[in-house]
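Examination of the molecular architecture
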Amino acid sequence: MRLTTRGSLFFFITVFSFLVVCPQGFSSKREMRGVWLATVWGIDWPSVSGDGQKIRQRQMDELRTLLDCCESANLTSVFFQVRGMADAMYESSLEPWSAALSGKRGVSPGWDPLAFAVEECHRRGLECYAWVNPFRWSSGSEYDCVQDREWKNKGWLLSYGKYTVFNPGSEDVRRHIVDVCREIIDSYDVDGLVFDDYFYPNKIPEDEGAGDYTLWQKEASWMSFGDWRRANVHKTVADVYAMVCEIRPDIRFGISPAGVAGKLETSAIKWGMEACGVKADDWQYDEIYSDPLGWLYQRTVDFISPQIYWTSDHPTAPYGPLSLWWSEAANFYGCHFYSSVTLAALDKRNTDEVRAELLSQVDCNRANSIDGDQGSVFYSAKHFHKLSPELSGTRFKGKCITPEVKPRTKGEIVYPPSGLVYNRGRLHWKSSSGNSDTRGMRYVVYVFPSGMPLEDIMEDNGDGIKSEYIFRVCYDRQTNVPESGFSYAVTSLTGLSVESAPVFLHR
């Protein structure tokens, strides 16, 4: 249950007083702290489907509860799955409604979950990323709504075993995926776009029996079959990234591939990167034709979030060396690394040992960060409540903001808000007219003891006010604040996390 306004103020004053006394509990001011919220098969949400009012209200309440947990754990971001099987968790002109909502593919649930998720995330100061599975159509089901029949008639689908995808080799398919992503980011105030790790059907053969053999021979027989498939994935990623930079330059784009890549025998030499030294195979390179180093080299992603779903003592894929290698790879190509961490072990063993391992992985991600642009994204939301109290009590004790995407923000000038006023426990301010593009603009509210010297509240590295004084991130231009004995500051924060100078209000 959410706190009342009076209860919220008491809670914030109590917590804030503790943090001012104990600033050593804080981590870097900039960190991605995310969670994957899976909707396909109702993994995390929703637990029920249907189009009645009671079911709709239950779905909304469940989503609010998940987001409340994210807020209380001081996360920055929610990766909300909006497209799992070429379907939609939003009002789409291109694809059918998800059956997870209404119970039947293509039937409206009577409300728009993505619009609701964005609003509820922003109400809590959380970024909302649209999580898209770019190619998957089915993992065994035979869908047959209007759009499905159209795609079949166009020959867009490629199958192997039970698994069917949109054929990445088709230019029309790639254009459709770009159009789907464009519709999402143009119609909704999402803060980012992220793909997961499903590409070609796993272990699809490289011979005449493959459904895309003829297309390969027609288009690029001079390339190996595998290189052609990987090039098709590269084209899709590059086209989506170019569209994002054109349509919504205020948001970031990333991908979450499998956890091992860039081995000596696969793609390390091709892209000029030191090979990943763990014993585990880079199976994604030849089995699903995913080559993450290629995206990093071509700079068609802002961040990479590999699924390092193993423990620190794993015999062939230990967490620590993989975290370090991915951090070095991302930094080498000028991108960010936000490791994806699995919470699956908490499903059956919510023990001190399991939680300690997960906390150590957060520590590892921070220790391996080369330039301070660190992060962890937890999979998945249904297990997160089992770890969130320890995160908010230790590693995520205070608020933070996400890392700045410096390769895309060079020379960008962001002006602070104006007209900051205090009235009866509430701050109000105006956006600056000097900022040319306000889409994606947020505000960081700082609260610090009255009379504290300016030099004592500023970061030593020049990154503005210290993280321990972050009170909250706001998507609107007002918020309740602690009253007695405090002064305030507010900054503008762009979608790519460029922060303005602060405007102060001393009391």
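Let us look at the structure shown here.

What counts and how
- Residues numbered from 1 in each chain as written.
- Predicted model: local features only at pLDDT ≥ 70, side-chain atom pairs only at ≥ 80, totals over all residues.
- Heavy atoms only, no water.
- Helix = DSSP H or I, 4+ residues; strand = E, 2+ residues; numbered from the N terminus.
- Rg over C-alpha atoms; globule rule 2.2 N^0.38 Å.
- Buried < 20%, exposed > 50% of the residue type's maximum accessible area, 1.4 Å probe, protein only.
- Contact = heavy atoms within 4.5 Å.
- Salt bridge = Lys/Arg side-chain N within 4 Å of Asp/Glu carboxyl O.
- Pairing = 2+ DSSP bridges.
- 1 Å grid on protein atoms, 1.4 Å probe; cavity = no way out; pocket = protein on both sides within 12 Å on 5 of 7 lines; lining within 4 Å.
- Points joined across faces, edges and corners; volume = space filled by probe spheres on them.
- Nonpolar A, V, L, I, M, F, W, Y, C, P; charged D, E, K, R; others polar.
- Axes fitted to C-alpha atoms, helices over the stretch in contact; angles between N-to-C directions.
- Parallel < 35°, antiparallel > 145°, perpendicular 65-115°, else oblique.
- Left-handed = near helix turned anticlockwise from the far one by under 90°.

Let us now look at the overall build of the protein chain. Regarding its fold elements, the protein chain presents 15 helices and 19 strands. Taken over the C-alpha trace, the protein chain has a radius of gyration of 23 Å; the compact-globule value for 507 residues is 23 Å, and the two agree within 12%. Structurally, the protein chain occupies a C-alpha span of about 75 × 55 × 50 Å along its principal axes. Taking all 507 residues of the protein chain together, the buried fraction comes to 58%. In the protein chain, of all internal contacts separated by at least 6 residues, the share reaching a separation of at least 24 is 74%.

Below, the discussion takes up the pattern of salt bridges. Under the definition given, this model contains 35 salt bridges. When the shortest N-O distance is used, the salt bridge between Asp352 and Arg355 registers 2.4 Å. Of the two residues, Asp352 and Arg355 both sit in helix α12 (residues 352-368), three residues apart, roughly one turn of that helix. Looking at Asp352, the relative accessible area reads 60%, which means it is exposed. The residue Asp363 makes a salt bridge to Arg395 at a minimum N-O spacing of 2.7 Å.

Among the structural elements, Pro502 can be located in the loop between β18 (486-493) and β19 (503-505). When the C-alpha positions of Pro502 and Lys466 are compared, they lie 12 Å apart, and in sequence the two are 36 residues distant. Residue contacts for Pro502: discarding those within four places in its chain leaves Ile465, Ala489, Val490 and Thr491.

Most of strand β16 (residues 470-474) sits inside the fold, with five of its five residues counted as buried. Both strand β15 (residues 442-449) and β16 contribute to a ladder of four bridges, which runs antiparallel. What sits directly across from Val445, in β16, is Arg472.

Here the focus is empty space enclosed by the protein. The tally for this structure, following the rule as stated, stands at one cavity of 30 Å³ or more. Roughly 90 Å³ of internal volume is contained in the largest cavity. In this structure, the largest cavity is lined by 13 residues; those nearest its centre are Ser327, Phe337, Ser369, Asp371 and Asp373. Elements represented by at least two residues in the lining of the largest cavity include exactly α11 (319-332), β10 (336-337) and β12 (374-379). Here the lining of the largest cavity takes three residues from α11, the largest share from any one element. Looking at the lining of the largest cavity residue by residue, the class counts come to four nonpolar, seven polar and two charged.

One open sheet accounts for three strands, arranged β13-β14-β17; its pairing is antiparallel. Taken across any chain shown, the strands that pair with only one partner, and hence form the sheet edges, are β13 (418-422) and β17 (478-480). If you compare each strand with its neighbour and ignore which way they point, the axes differ by 10 degrees on average. Of the strand pairs in this sheet, β13 and strand β14 (residues 426-430) are connected by three bridges, and their pairing is antiparallel. Within β14, the position partnered with Tyr422 by the bridge is Leu427.

So, on to the packing of helix α6 (residues 171-187) against helix α8 (residues 225-247). Between α6 and α8, whose axes approach to 10 Å, the crossing angle comes to 30 degrees. With respect to their mutual orientation, α6 and α8 come out roughly parallel. Handedness of the α6/α8 crossing: right-handed. Here Arg174, Ile177, Val178, Cys181, Arg182, Ile185 and Asp186 of α6 lie close against α8, whose contacting residues are Asn232, Lys235, Thr236, Asp239, Val240, Met243, Val244 and Ile247. Among the residues forming the contact of α6 with α8, the class breakdown is eight nonpolar, two polar and five charged.

Below, the discussion takes up the packing of helix α2 (residues 53-72) against helix α4 (residues 113-123). It is at 10 Å that the axes of α2 and α4 come closest, and there the two elements cross at 35 degrees. Note that α2 runs across α4; the crossing there is right-handed. Contacts from Met60, Leu63, Arg64 and Leu67 of α2 reach α4 at Phe116, Ala117, Glu120 and Cys121. Class assignment for the residues of the contact of α2 with α4 results in six nonpolar, no polar and two charged.

Tracing the chain through its elements places His383 in helix α13 (residues 381-384). Not counting residues within four places of it along the chain, the set of residues in contact with His383 comprises Leu343, Ala344, Leu346 and Asp347.

All we've got here are geometric facts, nothing functional implied.
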